[in-house]
Protein chains: 2
Amino acid sequence: MRLNCLLILVLTVQISLSILSHRIRLGEKIKPPPNYEKNSFTEFLDHFSFGPSHKFNITYLLSTEKWKPGGPILFYTGNEGSIEHFAGNTGFMFELAEKLTGAVIFAEHRYYGTSLPFGNQSFTDRKHFGYLIAEQALADYAKLLTDFKCANRKFANSPVISFGGSYGGMLTAWFRQSFPNVVAGGLAASAPVWLFPGMSDCRGFFQVTTRAYQQGGGLQCTSEIRQIWSLIDEIVKKPNGLSDLSRAFKTCKPFPNGDFVLDFVEDYLVTLAMANYPYSTSFLGELPAWPVKVYLITSHSLEFCKAMVNCPTQGKLSPQVEKFACAFFSLYNYKQEDTCLSFDSGSENLDSRGWELQTCMEMTNPICSDGKIDMFRPRGWDPIEFSNSCQDRFGIRPRMNWAGLQWWAKDITTDTRLIFSNGDLDPWSAFGVLNETSAPGATIIRIGRGAHHLDLRGSHPNDTVEVRTARSLILEKISNWIDEWHRESHPLYCLEF
Amino acid sequence: MRLNCLLILVLTVQISLSILSHRIRLGEKIKPPPNYEKNSFTEFLDHFSFGPSHKFNITYLLSTEKWKPGGPILFYTGNEGSIEHFAGNTGFMFELAEKLTGAVIFAEHRYYGTSLPFGNQSFTDRKHFGYLIAEQALADYAKLLTDFKCANRKFANSPVISFGGSYGGMLTAWFRQSFPNVVAGGLAASAPVWLFPGMSDCRGFFQVTTRAYQQGGGLQCTSEIRQIWSLIDEIVKKPNGLSDLSRAFKTCKPFPNGDFVLDFVEDYLVTLAMANYPYSTSFLGELPAWPVKVYLITSHSLEFCKAMVNCPTQGKLSPQVEKFACAFFSLYNYKQEDTCLSFDSGSENLDSRGWELQTCMEMTNPICSDGKIDMFRPRGWDPIEFSNSCQDRFGIRPRMNWAGLQWWAKDITTDTRLIFSNGDLDPWSAFGVLNETSAPGATIIRIGRGAHHLDLRGSHPNDTVEVRTARSLILEKISNWIDEWHRESHPLYCLEF
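Residues numbered from 1 in each chain as written. Chains lettered and ligands numbered in written order. Predicted model: local features only at pLDDT ≥ 70, side-chain atom pairs only at ≥ 80, totals over all residues. Heavy atoms only, no water.

Right, let's talk about the side chain of B:Asp140 for a bit. You can see B:Asp140 is positioned in helix α4 (residues 134-151). Each residue touching B:Asp140, except ones within four places of it in the same chain, is listed here: B:Glu43, B:Phe44, B:His47, B:Phe56, B:Ile58 and B:Arg110. (Helix = DSSP H or I, 4+ residues; strand = E, 2+ residues; numbered from the N terminus. Contact = heavy atoms within 4.5 Å.)

All names here are of chain A. Strand order across the open sheet formed by eight strands is β1-β2-β4-β3-β5-β6-β7-β8, with mixed pairing between neighbours. The open sheet terminates on both sides in strands that have one partner only, identified here as β1 (37-44) and β8 (443-447). Neighbouring strand axes in the sheet, compared pairwise and without regard to direction, differ in orientation by 20° on average. Where strand β6 (residues 185-189) meets strand β7 (residues 418-423), four bridges bridge the pair, whose relative direction is parallel. When the bridges of β7 are listed, Ala189 appears paired with Ser421. Along the sheet, helix α4 (residues 134-151) contacts β1, β2 (55-63), β3 (73-77), β4 (103-107) and β5 (160-165); its crossing angle with β1, the most-contacted strand, is approximately 115°. In the packing of helix α14 (residues 465-487) onto the sheet, contacts are made with β5, β6, β7 and β8, and the angle to β8 comes to roughly 165°. (Pairing = 2+ DSSP bridges. Axes fitted to C-alpha atoms, helices over the stretch in contact; angles between N-to-C directions.)

Okay, the pairing of β2(A) next. Residues and elements named next belong to chain A. Most of β2 sits inside the fold, with seven of its nine residues counted as buried. Where β1 and β2 come together, eight bridges link them in antiparallel fashion. Residue pairing across strands places Thr42 opposite Asn57, the latter belonging to β2. Two elements, β2 and β4, share four bridges in a ladder whose sense is antiparallel. Along β4, the bridge assignment pairs Ser63 with Val104. (Buried < 20%, exposed > 50% of the residue type's maximum accessible area, 1.4 Å probe, protein only.)

This part covers the interface of chain A and chain B. Put simply, an interface is often sized by how much accessible area is lost when its parts join up. The interface is formed by 56 residues belonging to chain A together with 56 residues belonging to chain B. Here chain A and chain B share an interface that buries about 4,900 Å² over both sides, 63% of which is from carbon and sulfur atoms. Among the residues chain A hides against chain B, the three largest losses belong to A:Phe50, A:Arg399 and A:Tyr493. Together they make up 19% of the total. Counting across the interface, chain A meets chain B through zero salt bridges. Summed over the shared surface of chain A and chain B, the result is 18 residue pairs in polar contact (both at pLDDT 80 or more). Broken down by secondary-structure element, the contributors of at least two residues to the side of chain A that touches chain B are α3 (126-129), α4, α5 (167-178), α12 (383-394) and α13 (402-406) of chain A. With six residues, α4(A) is the largest single contributor of residues to the side of chain A that touches chain B. (Buried area = accessible area lost by both parts, 1.4 Å probe. Salt bridge = Lys/Arg side-chain N within 4 Å of Asp/Glu carboxyl O. Polar contact = N/O pair within 3.5 Å; in protein donor to acceptor, adjacent residues only side chain to side chain.)

Okay, the state of the cysteines next. Residue and element names in this part refer to chain B. Under the definition given, this model contains eight disulfides over all chains. Linked covalently through their sulfurs, Cys150 and Cys494 form a disulfide whose S-S length is 1.9 Å. One disulfide, between Cys150 and Cys494, carries an S-S torsion of -80° and so falls in the left-handed class. In this pair, Cys150 is assigned in helix α4 and Cys494 in the segment after α14 (465-487), connecting sequence segments 344 residues apart. Note on accessibility: Cys150 and Cys494 belong to one class, buried. In this model, Cys202 is linked to Cys368 through a disulfide, with the two sulfur atoms separated by 2.1 Å. On the sign convention where negative is left-handed, the bridge of Cys202 and Cys368, at about 85° about the S-S bond, is right-handed. Placement of the pair is Cys202 in the loop between β6 (185-189) and α6 (204-237) and Cys368 in the loop between α11 (350-359) and α12 (383-394), with a sequence separation of 166 residues. Looking at Cys368, the relative accessible area reads 7%, which means it is buried. (Disulfide = S-S within 2.5 Å.)

All names here are of chain B. One way to put it is that helix α8 (residues 258-274) packs onto helix α10 (residues 319-332) with a least axis distance of 12 Å and a crossing angle of 50°. Between α8 and α10, the angle is such that the two are oblique. Considering the relative orientation of α8 and α10, their crossing is left-handed. The residues of α10 that touch α8, namely those facing Phe264, Val265, Tyr268, Leu269 and Leu272, are Phe324, Phe328, Leu331 and Tyr332. Looking at side-chain class alone, the contact of α8 with α10 contains nine nonpolar, no polar and no charged residues. (Parallel < 35°, antiparallel > 145°, perpendicular 65-115°, else oblique. Left-handed = near helix turned anticlockwise from the far one by under 90°. Nonpolar A, V, L, I, M, F, W, Y, C, P; charged D, E, K, R; others polar.)

Next up on the list: the relation of the copies chain A and chain B. One copy of the chain maps onto the second through a rotation about an axis and a displacement along it. Note on the identical chains: chain A maps onto chain B by a rotation of 180° and an axial translation of 0.0 Å, with an RMSD of 0.0 Å. Both copies are brought into coincidence by an operation consistent with a two-fold rotation axis. Mapped onto chain B, 100% of the interface residues of chain A again fall at the interface, so both copies present the same surface. (Least-squares fit on C-alpha atoms with pLDDT ≥ 70 in both.)

Residues and elements named next belong to chain B. The strand order across the open sheet built from eight strands is β1-β2-β4-β3-β5-β6-β7-β8, with neighbouring strands paired in mixed fashion. Of all the strands in the sheet, just β1 (37-44) and β8 (443-447) have a single pairing partner and so form its edges. The mean angle between the axes of side-by-side strands here comes to 20°, regardless of whether they run parallel or antiparallel. Packed onto the sheet, α4 meets β1, β2 (55-63), β3 (73-77), β4 (103-107) and β5 (160-165) and runs at close to 115° relative to β1. Along the sheet face, helix α5 (residues 167-178) touches β3, β5, β6 and β7 (418-423) and points at about 150° away from the line of β5.

All names here are of chain B. Mapped onto the elements of the fold, Leu245 is located in helix α7 (residues 241-248). Leu245 gets classed as buried once you look at its relative accessible area, which sits at 0%. Taking the C-alpha atoms as reference points, Leu245 and Ser230, 15 residues apart in sequence, are found 13 Å from one another. Among all residues touching Leu245, those that are not within four sequence positions of it are Ile232, Ile235, Val236, Phe255, Val261, Leu317 and Val321.

The subject of this paragraph is the domain arrangement of chain A. Residues and elements named next belong to chain A. Split into domains, chain A comes out as domain 1 (37-194 + 410-487) and domain 2 (203-333). Just the C-alpha atoms count here: the centres of domain 1 and domain 2 sit 34 Å apart. Tallying the contact residues gives 21 residues for domain 1 and 18 residues for domain 2. Of all residues in domain 1, Leu425, Pro427 and Arg457 bury the most surface against domain 2, accounting for 34% of the area lost on that side. Our count for the contact surface shared by domain 1 and domain 2 stands at zero salt bridges. (Domains from an automatic or database assignment.)

In structure tokens, the structure reads:
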């Protein structure tokens, strides 16, 4: 049985995409990361007021086996999920630790994994969940690192290099901006730092997704997918349409309604683009190598767009939908371990709830589509509607302008010792920093044929030239930062009581 | 009758000095600033969580009469007092507005003046006063400026130059660090950014004060003052000692106790050093020009250390104390409007209460003396004792390491477009940024014979060459920043709803 199944959040008014998971449930099939110890650190619920006095524990993972005096601390700014999940999918940091004789710390983001400020009460109301804010998370990390160095003085002379992917990459960029005294430099991998209202074209996300399919299968392929939405819609309206669809997709339980089908399919297509890695992964569900690409291995039912043509039909539905559904299931079941397609989530998913709350507070992320340039259903994005939906669901209204103000929006000319890396075919690159004119003091890396923060993953024999080159450049930059840092003066302040 | 009398906060365990006022009551005799309109702006109580939903109004003053399109917004980051007080004592900004065709905004700091989040309940307990935090104040300012530009689009192309003196200077430095997207550059005048535990020698404050008296009256003068403390102490222990002292100082009411006398005298000596301006001012009480300096006008009783020698004695107390008290009163009464020395505060002083709270939260400021290099009573500073006193008084314990972490402590090599100016004889310069090696990207200005942020005051015929030179350099730097800013791209993000 495959555990990394899909979670669909059917939201009538707006979609809310978890940056990392894109509505995919995470953290169930975790590859154990290299040797580490699991610790925790006590933090204030609120670093920015003396109103609440509550404290809670943040989990972090520590690996010092490769560290030598003066070597860096490679620090992962945890994002929306349990920290083991990121440690298990960020092998590049462990490889760097070896090359740079560094220690590795992965810090869990508050309100995710085991770092819940109020246990299972953490999401009850604004008094509890209202502190799920990136500023507070960054303050957690800054304190953790400082207190770690103060408690382990041998690390006082160790520059901290920060890493993060996706929302974690945003956090790394902001960490370096906000705490240059704590962070010597950072790699913000696939960080959609400009995902906020007014900063980017909201159609970008689905446009880049579409481009990934065009590169894999050509214009003909995306034009076929574009027709799927209305075809499915027509079937749903017919008597028994929904159960016919369920049969075609080989679902374990029937689809509950038509919107569910459409969202489910859309999510999966996006996920394939995000996880379009050159080798099989289980990061965003079990997926084969290059899941989007039309392989030349025509006999193999794993290939996706090609499968739309070759899959045998049953004759009940339109041939296009039958082929699509068949291809869908064959990719979903590429390991041939399942007899049916499951969309039930086995356990309550705190992670996606956390991210939804974040989008309703400061992480509002407009995503829309026009169905012309992109291959998806046309869909607008309206800030008032979104705000109302947040009010209805959680009793809060987002502060949509705040994150841009807090982290400098597109005004990042003062950024230094920061790398923004993006995969060219990663949907989230639509909101990333893609050229040097925006950030002359930063390093911009674009990874051809790259999916969502591929560079953070451990080396693999199938790695492309593009990602190998990117990792070499990253290593070079980080080495330079470490040398620079050691030439500068960086006093550490620890109070003795 | 003179209104700018002294306020003494007798704290048995620790002294807590308001940076600006040094325990002097402010804001009662205010020179009206140039034409401005008084507005208010609604802010969140808490910018960094969605816990509380409370909002309140911040007062700001706006003057646009000199502004021309593209001209800057000169912005004062209000500190611990009513905003009119700062507007009335920061004439330099209005002069710059004329030269640079700029607008002027003075924003009041939350919990001071009329910007009380909960009216007269603002200081009742941590749920109310706990948001009196510099981070929140800076967020207030960032939002105010952005929303001001969004509501008045003609200012979109106006770079913001920030100004502040003392704690306001700290805020300006941090404002530029935290919001380079909002602030094009800043003048942090007499900003003791390193006043936090562990960052500076706690004896510095009284040492620089002593130096100001040595420059004014020579070593002999400071050595005489150094003896005063034990002489007063001896008198207090005698029968009728306290009333004899009260008579010598010509107090309106008797001194309540010996500690009160010592604190009162010490405060006054420090205040003279802080306000040792080349002309008479009423900023920190009514004071003549160069109050610390021993003038050559021997016949005039205003002069201070000289007066200690010349003042006629009554024979009741030791001659030194009698002379000291007489000189004290003659300086206090230099306008010859008073018949007795008043230390009653006419109204409740919210301002000093606010600052005391700040020192018990994140603005902890160790000040000590050894009575050897300095001329004051020897006094240690113990963090645990201080923390306990905060717990006793307000039910909170300071987070002493936090401000250093939040605003980069001595690790400010990434600072750009920031001026740190300090008067050489200003007690607070002990905690300031005094040389370029600490902040190679910033501009360091030291003003010889300069007291507490003299450079921020309006021009005066008595101004020294040193302060004139400083102001020219500041103008030159700011002009350059404005030119640079106009050459760069600085998009403004405004949501339309």
